[in-house]
Amino acid sequence: MNPFENLKISNQWRDLFHIDNRQPCTNCSKSRKYFCYTCYTINSDLENIIPRLKLPLKIDIIKHSREIPGKSTAIHAALLAPEDVAIYIYPDMPTYTKNDKVILVYPGKSSISLQEFYNKAKKQKKLNNDDFDDSFSEIITHALFIDSTWSQSKGILKDPKLSGLPCIKLQIRLSQFWRHQKGSPRWFLATIEAIHQLLIEYTLVENQTHLLNNYDNILFFFRFMYEKIHQLYEHEKLMSYRRPVNI
Ligand SMILES: [Zn+2]
């Protein structure tokens with residue numbers, strides 16, 4: 001079964017198969033196919049094909065400087081939701097104000113689920129009795145992701161700027177990412193899959209199940225690339241899908 005079958009992803013990802021030419025990036029003029037992975041701009045011939053999303057919270061992504069830009073899926077988020085996604089190259093980091101409520105999405109030892117975090121924050125707000133508003137936007141404004149390999153992320157996590165942030169683990173879902181990473185379990189998601197998963201859980205915690213498919217288009221480029229790889233290689237032969245689920 002196709003893993004994207006139940007998702008509502010704009011069908012125009014199929015049109016990307018007909019794009020053969022590279023184009024100069026509108027910003028840096030380098031020759032690119034589909035998009036520029038250093039400027040986060042979409043090629044002008046794709047402008048009208050690519051869906052754009054508005055997200056319910058801000059997404060910040062810290063990229064490891066040695067992560068190969070063309071291979072990162074974090075860029076997909078910046079291309080598809082340009083108003084709500086920002087990418088930082090480590091050691092560059094986002095700066096937050098005291099009004100920003102930030103979570104770090106990473107499966108660390110002290111991490112809790114989004115639902116647990118939401119319940120705890122709600123309880124605390126009730127205790128403080130400050131103008132009680134339990135809408136999600138009052139509890140989380142920014143979600144921070146680390147875009148790197150399994151081993152690179154360990155270094156970034158030691159940064160003191162991250163140490164005070166509440167750490168959220170997503171529900172287990174199998175990755176469909178084709179890129180093999182030595183030593184990582186099958187549930188270690190590509191950054192774009194993790195962002196999609198967070199948006200699903202956010203919708204569920206808010207009890208807005210009718211909006212469940214609202215953010216599926218964030219996987220627009222991911223789906224296209226998945227299908228492209230699967231035209232070239234047999235699924236069973238791709239190392240990435242043969243990783244154990246748990247290690
Ligand atoms: Zn460029």
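Residues numbered from 1 in each chain as written. Predicted model: local features only at pLDDT ≥ 70, side-chain atom pairs only at ≥ 80, totals over all residues.

S.K.: Which residues make up the overall build of the protein, and what values go with them?
M.R.: Summing up its helical and strand segments, the protein has 7 helices and 9 strands in all. Taken over C-alpha atoms, the radius of gyration comes to 19 Å for the protein, in line with the 18 Å a tight globule of 247 residues would show. The principal-axis extent of the C-alpha atoms belonging to the protein is close to 60 × 40 × 40 Å. Contacts in the protein between residues at least 24 apart in sequence constitute 72% of all its contacts with a sequence separation of at least 6. (Helix = DSSP H or I, 4+ residues; strand = E, 2+ residues; numbered from the N terminus. Rg over C-alpha atoms; globule rule 2.2 N^0.38 Å. Contact = placed C-beta atoms within 7 Å.)

S.K.: Account for unusual backbone geometry, naming residues and giving values.
M.R.: The peptide bond linking Y90 to P91 adopts the cis configuration, its omega dihedral lying at 15°. Of note, the phi angle at Y40 is positive, near 60°, even though the residue is not glycine. Turning to its location among the elements, Y40 is positioned in the loop between β3 (35-36) and β4 (41-42). Residues other than glycine seldom take positive phi values, yet N207 does so here, at roughly 60°. Turning to its location among the elements, N207 is positioned in the loop between α6 (191-205) and α7 (220-232).

S.K.: Now, about the sheet that holds strand β9 (residues 167-168): what can you tell me, with residues and values included?
M.R.: On the basis of which strands lie adjacent, the open sheet formed by 5 strands has the order β6-β5-β8-β7-β9 and parallel pairing. In this open sheet, the two edge strands, each paired with only one partner strand, are β6 (85-89) and β9. (Pairing = 2+ DSSP bridges.)

S.K.: Explain the nonpolar core to me, using residue names and the numbers behind them.
M.R.: Counting residues in each nonpolar core, the largest one holds 51 residues, and the members touching the most others are A77, V105, F145, I195 and I218. The element contributing the most residues to this core is α6, with 7 residues. (Core = buried A, V, L, I, M, F, W, Y, C linked by C-beta atoms within 7 Å. Buried ≥ 20, exposed ≤ 12 C-beta atoms within 10 Å, placed from the backbone.)

S.K.: Let's hear about the pairing of β6: which residues, and what values?
M.R.: Direction of pairing for strand β5 (residues 58-63) relative to β6: parallel, over a ladder of 5 bridges. Following the sheet pairing, D60 is matched in β6 by A86. For the crossover that starts at β5, traverses helix α1 (residues 74-80) and ends in the parallel β6, the hand is right-handed. (Right-handed = clockwise from strand over helix to strand, strands pointing away.)

S.K.: Can you tell me about the pairing of β5, naming the residues and giving the values?
M.R.: Where β5 lies against strand β8 (residues 142-147), 6 bridges are found, and the strand directions are parallel. In the sheet register, I61 faces β8, and the bridge partner there is F145.

S.K.: With reference to specific residues and values, describe the packing of helix α2 (residues 114-128) against α6.
M.R.: In contact at an axis separation of 10 Å, α2 and α6 are set at 45° when each is read in the N-to-C sense. Here α6 runs oblique to α2, going by the angle between their axes. In terms of crossing hand, the pair formed by α2 and α6 is right-handed. Along the contact surface, α2 presents L114, Q115 and Y118, while α6 presents E201, Y202 and V205. Taken together, the residues of the contact of α2 with α6 break down into 4 nonpolar, 1 polar and 1 charged. (Axes fitted to C-alpha atoms, helices over the stretch in contact; angles between N-to-C directions. Parallel < 35°, antiparallel > 145°, perpendicular 65-115°, else oblique. Left-handed = near helix turned anticlockwise from the far one by under 90°. Nonpolar A, V, L, I, M, F, W, Y, C, P; charged D, E, K, R; others polar.)

S.K.: I'd love a proper account of α6, names of residues and values included.
M.R.: The terminal C-alpha atoms of α6 lie 21 Å apart, and with 15 residues this matches the ideal 21 Å at 1.5 Å per residue to within 8%. Among the residues of α6, those classed as buried are T191, I192, E193, A194, I195, H196, L198, L199, I200 and Y202. Looking at the residues trailing α6, positive phi occurs at N207, about 60°. (Expected span 1.5 Å × (residues − 1).)

S.K.: Which residues make up the environment of K8, and what values go with them?
M.R.: Among the secondary structure elements, K8 is positioned in the segment before β1 (23-24). Looking at K8, the number of C-beta atoms within 10 Å reads 12, which means it is exposed. For K8 and I168, which are 160 residues apart along the polypeptide, the C-alpha to C-alpha distance reads 26 Å. The contacts of K8, once residues within four sequence positions are left out, are N213 and D216.

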